[in-house]
Amino acid sequence: MAVGKEILTKIRSVQNTQKITKAMQMVSTSKMRKTQERMRLARPYAEKVRQVMGHLAQTNEYHGIRLLEERKEVKRAGFILITTDKGLCGGLNANVLKRFFAQVQDYQERGISVDVVCFGSKGLAACQRIGLNVIASVSNLGDTPKMEILLGALTEIFGRYEDQSLDVIHLVFSCFVNTMKQEPRSEVLLPIGSSVLDADDGQKYHWDYRYEPSPTAVLEYLLKRYLESVVYQAVSDNMASEQAARMVAMKAATDNAGNAIKELRLVYNKSRQAAITTELSEIVAGAAAV
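All residue numbers refer to position in the chain's written sequence, counted from 1. Reporting in this predicted model follows two pLDDT cut-offs: at least 70 for local features of residues, and 80 or more for side-chain atom pairs to be given and counted; totals over whole chains, interfaces and linings ignore these cut-offs and use all residues. Hydrogens and water molecules were not included; the side-chain quantities draw on all heavy atoms of the structure.

Draft legend 1. Summary view of the overall build of the protein. From N to C terminus, the protein includes 5 helices and 5 strands. Only DSSP runs of H or I reaching four residues or more are called helices, and only runs of E reaching two or more are called strands; each is numbered from the N terminus. The helix and strand sequence of the protein, counted from the amino end, reads α-β-α-β-α-β-α-β-β-α. Partly exposed residues are those whose accessible area sits between 20% and 50% of the maximum for their type, while under 20% is buried and over 50% is exposed, using a 1.4 Å probe and protein chains only. For the protein, with 290 residues in total, the buried portion stands at 41%. Here the contacts in the protein between residues at least 6 apart in sequence split such that 79% fall between residues at least 24 apart. All accessibility values rest on the Shrake-Rupley procedure with a 1.4 Å probe; residue burial counts only the protein chains present in the view. Surface summary for the protein: the accessible area is close to 16,400 Å², and the carbon and sulfur share equals 52%. What makes two residues a contact is simply this: any of their non-hydrogen atoms within 4.5 Å.

Here it is in structure tokens:
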């Protein structure tokens, strides 16, 4: 019965793993609902800031604001890479990193240097492995994104764009589509496209405001708040994607553990039945010999 005991040990081990994956699935389900609500609530703020910027750009000159300058030639590119701090979320991080490394390789083949800001320990570890220049990083973001944690790294990379050390900045993250689908997405954060400043909201008249201290100063302030809100929204999307992917992965792991237990029980019953049959055969043979 040594084989039977080994199978029972495996069954108990798989059952313990199944309890863990089931608990993680339930926790991820609860957290996913909260992150989805947080992601939904963050959108109106970014949209309103973008709308006011569009109104301001329609009626005032905004030349001289460095965040709106477009470079004729890209000599150095920047990336804001958003990944998770923890694993066990399927291929979420792998898909984002695949998209990110493809763009980095394209720039490097053209002789363009790359600087990276990493949000999340998985992306930071991947960048350090291949020797990319990480100028700032933030790990241990927790379950709730906080803007004050992100501001230091964002100030660093936006400052490099303003002083022309960077010519373009990309934002790479996982976009939450639905519970079963999360897409890796890459967007050009800077320079800001004309579509962002298009404030066509169906009105037949132009907007104008009274500005203090000046229209240029107000627009420059709004630009920074808008960029911060876009990154915050991306972090919220990535967190919702993480919880959804982990929920699906843990459900699959729980189901697979259940199937493994069934197969092991079948093997155990067969080995036990074979052992009983052998013992009965020995008893019958002994009785016949007597």
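Draft legend 2. Structural detail: the pairing of strand β2 (residues 113-119). Judged by how many residues are buried, β2 sits mostly within the fold: 6 of 7 residues are covered. In this analysis, strands are considered paired if DSSP registers two or more bridges between them. Where strand β1 (residues 76-82) lies against β2, 7 bridges are found, and the strand directions are parallel. By the bridge assignment for β2, R76 is matched with S113. Convention used here: a crossover is right-handed provided that the path from the first strand, over the helix, to the second strand proceeds clockwise when the strands point away from the viewer. Crossover connection from β2 via helix α3 (residues 121-130) to parallel strand β3 (residues 133-138): handedness right-handed.

Draft legend 3. View of the pattern of salt bridges. A pair is scored as a salt bridge if a Lys or Arg side-chain nitrogen falls within 4 Å of a carboxyl oxygen belonging to Asp or Glu. Here the structure, examined in full by the defined rule, presents 9 salt bridges. The shortest N-O distance in the salt bridge between R225 and E228 comes to 2.8 Å. Note that R225 and E228 are positioned in helix α5 (residues 215-289) at a spacing of 3 residues, about one turn of the helix. Each member of the pair R225 and E228 is classed as buried. The network of salt bridges with common partners includes R76, D115, E156 and R160.

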